[in-house]
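Take a look at the letters that make up each chain.
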Amino acid sequence: MRQPTDQPADDLLAPPLPGPLLRLPRPVRALAPTAVVLLVLVPLAAHDPEFGPTESPPTNAALMAFGALALAFRRRWPAATAAATLLSGQLPLAVALYGLAARRGAAPLLYVLAVLAEVRLFVPFDLGDVSTPSALANLVEDPLVFGAVPLALGLTTHQRARTVSVLAERNRLLVEARRHAEERAVAAERARLAREMHDVVSNRVSLITLHAGAGQVARADDPAAVRETLGLIRGLGLQALTELRGLLGVLTPASDQAPSLRGLPTLVEESRRAGLAVGLTVTGPDDGLPAPGPKVQYAAYRIVQEALTNAHKHAPAAEVAVTVAVEPDGLRLAVVNSPAEPTEPAESARPTDPAGPVASEGTGPGLPSGGHGLHGMRTRADDLGGTLHAGPTPEGGFAVRARLPLRVV
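What counts, and at which threshold
- Residues numbered from 1 in each chain as written.
- Predicted model: local features only at pLDDT ≥ 70, side-chain atom pairs only at ≥ 80, totals over all residues.
- Heavy atoms only, no water.
- Helix = DSSP H or I, 4+ residues; strand = E, 2+ residues; numbered from the N terminus.
- Buried < 20%, exposed > 50% of the residue type's maximum accessible area, 1.4 Å probe, protein only.
- Contact = heavy atoms within 4.5 Å.
- Areas by Shrake-Rupley, 256 points an atom, 1.4 Å probe, with all protein chains shown as cover.
- Salt bridge = Lys/Arg side-chain N within 4 Å of Asp/Glu carboxyl O.
- Core = buried A, V, L, I, M, F, W, Y, C linked by side-chain atoms within 4.5 Å.
- Pairing = 2+ DSSP bridges.
- Axes fitted to C-alpha atoms, helices over the stretch in contact; angles between N-to-C directions.
- Patch = residues over 30% accessible without salt bridge, like charges linked within 9 Å, V, L, I, M, F, W, Y side chains within 5 Å.
- pLDDT = per-residue confidence, 0-100.
- Polar contact = N/O pair within 3.5 Å; in protein donor to acceptor, adjacent residues only side chain to side chain.
- Phe/Tyr/Trp six-rings, centres within 6.5 Å; stacked < 30°, edge-to-face > 60°.
- Lys NZ or Arg CZ within 6 Å of the ring centre and 35° of its normal.

Along the chain, the regular secondary structure elements total 11 helices and 5 strands. By the burial criterion, 38% of the 409 residues in the chain qualify as buried. Taking contacts inside the chain between residues at least 6 apart in sequence as the whole, the part at least 24 apart equals 66%. Here the chain displays about 23000 Å² of accessible surface, and carbon together with sulfur accounts for 63% of that area.

Here you go:
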């Protein structure tokens, strides 16, 4: 049985994408552009008339300082910051455009501000003087370096952040789905083991109980009968122990030793020795039909075993007919018992296992029932894609009929 992994879910997540080698504290990153502009660009604009959008150095310095202060709020209000820096210098405008693109992505407002920024970066130049390559390069330098490049970098950063977020969420969902799948697999395996153990214990221990009851009423002066009864009990106990060990993984039987249709005669003979009148008929497969697969034969064996156990419990004096036939549409099996003795008319017609013990004549206390027999048989058939029907017959008996596919992928 597969056990759930002890590894925490966080360890199953993919490693994060590499970040920057040096990551400054958040306040430093927030105020660094403002400090650079105030300490470097504002003094330059105050002394250089060409360093700014106007021809007045004091005006350029004031606009540059205004843009520097606006950058301090670019994380909270990126669009307003970009609009405010349109009146400032190139560097504050470039930083604001990058921040807006990185946070908002390709939004309509970004396109509007990008167009205004490009127009703003074209304004200081004489559009008529583009006769030389150097003059053309100077014309497109600022719009490209301080407009298009920051926008492209910001959009790339935004797309990368979205991709990382989507991949992280998808990975989280995959880990969650894997955990749920493992939990379902563990639950299904536990249910399967419980069903297998129920079938083994229910059948073998029921037969042991019946033989022990027969031993109680055996004649004391007939040691041969007593020895035979004890031998049957010992054999059934060893079989139950072997099958339980195989289920628990202590002793896994080989595939050719697993219960199959070949074991039905032995199973029927065990029920006969316990006092149940059982007849077995096995037909097929005809020429051209494949033999049922190992899983199908195993399920058929367990269904017949559980049906015979129910017959021991609810109709110990009835006659039981077991029929197994390999047909083109699948393996068909039926376990039908006749009406019970008049003293127990209702026991053979019960559609489900009773919750309490059922008395068996001459055997002392009745055989207990957990109420899981029919459900387990139906589950076996459903797991293979087959069908199973169980219920009383018109004659007053009880019938279990199943159809299983010949092969299971």
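From this point, the discussion proceeds with the structure in view.
The next subject is unusual backbone geometry. A cis amide bond, omega 0°, links Gly-284 with the succeeding residue Pro-285. Checked against the element boundaries, Pro-285 lands in the loop between strand 1 (277-283) and helix 10 (294-314).

In this section: the pattern of salt bridges. Counted according to the given criterion, the structure contains 7 salt bridges. Arg-172 is the partner of Glu-169 in a salt bridge, and the nearest nitrogen-oxygen pair spans 2.6 Å. In this pair, Glu-169 and Arg-172 both sit in helix 7 (residues 133-216), 3 residues apart, roughly one turn of the helix. Exposure remark for Glu-169: the relative accessible area of 36% places this residue in the partly exposed category. A salt bridge links Arg-179 to Glu-183, with the nearest nitrogen and oxygen atoms 2.8 Å apart. Of the two residues, Arg-179 and Glu-183 both sit in helix 7, 4 residues apart, roughly one turn of that helix. Taking relative accessible area as the criterion, Arg-179 reaches 35% and is therefore assigned partly exposed. Through salt bridges with shared partners, a single network forms among Glu-176, Arg-179 and Glu-183.

Turning our attention to the nonpolar core. With 32 residues, the main nonpolar core has Val-304, Leu-308, Val-320, Val-322, Leu-331, Leu-333 and Leu-404 as its most contacted residues. Broken down by secondary-structure element, the contributors of at least two residues to this core are helix 9 (264-273), helix 10, strand 2 (319-327), strand 3 (330-337), helix 11 (373-383) and strand 5 (398-404). Ranked by residues supplied to this core, first place goes to helix 10 with 9 residues. Once residues lying within four places of it in the same chain are set aside, the contact partners of Val-320 are Leu-276, Ala-277, Val-278, Gly-279, Leu-308, Ala-311, Val-335, Val-336 and Asn-337.

Judged by pairing direction, the sheet is mixed, and its 5 strands sit side by side in the order 1-2-3-5-4 without closing on themselves. Both outer strands of the open sheet, strand 1 and strand 4 (387-392), are each paired with one neighbouring strand and no more. The sheet shows a mean angle of 10° between the axes of neighbouring strands, taken without regard to direction. Relative to strand 5, strand 3 runs antiparallel, the two being bridged by 7 bridges. Across the sheet, residue Leu-331 finds its bridge partner in strand 5, namely Leu-404. In this fold helix 10 packs onto strand 1, strand 2, strand 3, strand 4 and strand 5, with an angle of close to 10° to the strand it touches most, strand 3.

A surface patch of nonpolar side chains, amounting to about 600 Å² of accessible area, comprises Val-36, Leu-38, Leu-39, Val-40, Leu-44, Leu-69 and Leu-91. As for its placement among the helices and strands, Leu-44 is situated in helix 2 (residues 26-47). A relative accessible area of 43% places Leu-44 in the partly exposed class.

Time to look at the confidence of the model for the chain. On average, residues of the chain carry a pLDDT of 75, and 73% of them reach 70 or more. The least confident element of the chain is helix 1 (residues 9-12), whose mean pLDDT is 44; the most confident is strand 5, at 94. Contacts of residues 1-14 to residues separated by more than four positions or lying in other chains number 18 contacts, the stretch itself having pLDDT below 50. Throughout residues 250-254 the model reports pLDDT below 50, and contacts reaching past four residues in sequence, or to other chains, amount to 5 contacts.

For strand 4 and strand 5, the ladder comprises 6 bridges, and the chain directions are antiparallel. Bridge pairing in strand 5 places Gly-391 opposite Ala-399.

Here the focus is the environment of Leu-333. Relative to the assigned elements, Leu-333 resides in strand 3. Once the C-alpha coordinates of Leu-333 and Leu-404 are considered, the two residues, 71 residues apart in sequence, prove to be 8.4 Å apart. Residue contacts for Leu-333: discarding those within four places in its chain leaves Ala-300, Ile-303, Val-304, Thr-323, Val-324, Val-400, Arg-401, Ala-402 and Leu-404.

Let us now look at the environment of Asp-329. Checked against the element boundaries, Asp-329 lands in the loop between strand 2 and strand 3. Once the C-alpha coordinates of Asp-329 and Leu-404 are considered, the two residues, 75 residues apart in sequence, prove to be 8.5 Å apart. Among the polar contacts listed, one links the side chain of Asp-329 to the side chain of Arg-332, at a separation of 2.5 Å.

Tallied over the full model, the rule gives 0 aromatic pairs. Over the ring of Trp-77 we find Arg-76, and its NZ or CZ is 5.6 Å from the ring centre.

Looking at the secondary structure, you find Pro-92 in helix 5 (residues 90-104). Note: C-alpha distance between Pro-92 and Gly-67 (25 residues apart in sequence) is 5.8 Å. Setting aside residues up to four positions removed in sequence, Pro-92 forms contacts with Val-37, Met-64, Gly-67, Leu-71 and Thr-85.

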